[in-house]
Amino acid sequence: QRIRTQTLAAMVSRPVKEVGAAMVAATAVPTALNWTDVIKTRMQGVPASGCTAAPYNGGFRGTAQRIFAEEGLLALWSTGMLASLGRECTVVG
């Protein structure tokens with residue numbers, strides 16, 4: 001019976017390890033490219049009526065430079081990162 005228990009544990013742990021590995025691998029893309037998604041999203045946004053902030057209409061590079069100047073480098077990379085990682089983990093994992 002001891003042998004059967006160890007075999008069952010090995011059978012259960014393998015799929016868990018594989019799902020965990022898939023989730024870790026899936027986070028590589030948003031970790032590396034989230035900044036492009038932030039820029040794209042800002043460019044697609046339409047200012048609300050009565051908004052005094054200028055729209056992001058300087059193209060990809062201009063939008064990136066504006067975000068960097070106004071909010072810093074961390075904002076380019078980390079904005080929406082948790083949502084991106086969560087999406088990838090649930091879709092792939």
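The structure reproduced in this document is the subject of the present report.

Scoring rules and cut-offs
- Residues numbered from 1 in each chain as written.
- Predicted model: local features only at pLDDT ≥ 70, side-chain atom pairs only at ≥ 80, totals over all residues.
- Heavy atoms only, no water.
- Helix = DSSP H or I, 4+ residues; strand = E, 2+ residues; numbered from the N terminus.
- Buried < 20%, exposed > 50% of the residue type's maximum accessible area, 1.4 Å probe, protein only.
- Areas by Shrake-Rupley, 256 points an atom, 1.4 Å probe, with all protein chains shown as cover.
- Contact = heavy atoms within 4.5 Å.
- Core = buried A, V, L, I, M, F, W, Y, C linked by side-chain atoms within 4.5 Å.
- Phe/Tyr/Trp six-rings, centres within 6.5 Å; stacked < 30°, edge-to-face > 60°.
- Lys NZ or Arg CZ within 6 Å of the ring centre and 35° of its normal.

### A short note on the overall build of the chain
- For the chain, the helix and strand inventory stands at five helices and zero strands.
- Order of helices (α) and strands (β) in the chain, N terminus to C terminus: α-α-α-α-α.
- A burial count over the chain gives 17% of its 93 residues as buried.
- Here the chain has roughly 6,900 Å² of accessible surface; of this, 66% comes from carbon and sulfur atoms.

### Remarks on the side chain of Ser-84
- Looking at the element boundaries, Ser-84 is found in helix 5 (residues 81-92).
- For Ser-84, the residues in contact, after removing those within four places along its chain, are Pro-30 and Asn-34.

### Description of the nonpolar core
- By size, the foremost hydrophobic cluster in this structure holds seven residues: Val-38, Ile-39, Tyr-56, Ala-64, Ile-67, Ala-75 and Leu-76.
- Among the secondary structure elements, those contributing two or more residues to this core are helix 2 (28-44), helix 3 (59-71) and helix 4 (73-78).
- With near-sequence residues (within four places) excluded, Ala-64 lies in contact with Ile-39 and Leu-76.

### What about the packing of aromatic side chains?
- Following the criterion strictly, the structure yields one aromatic pair and no others.
- Here the guanidinium or amino end of Arg-66 rests over the ring plane of Tyr-56, the centre of that ring lying 4.0 Å away.

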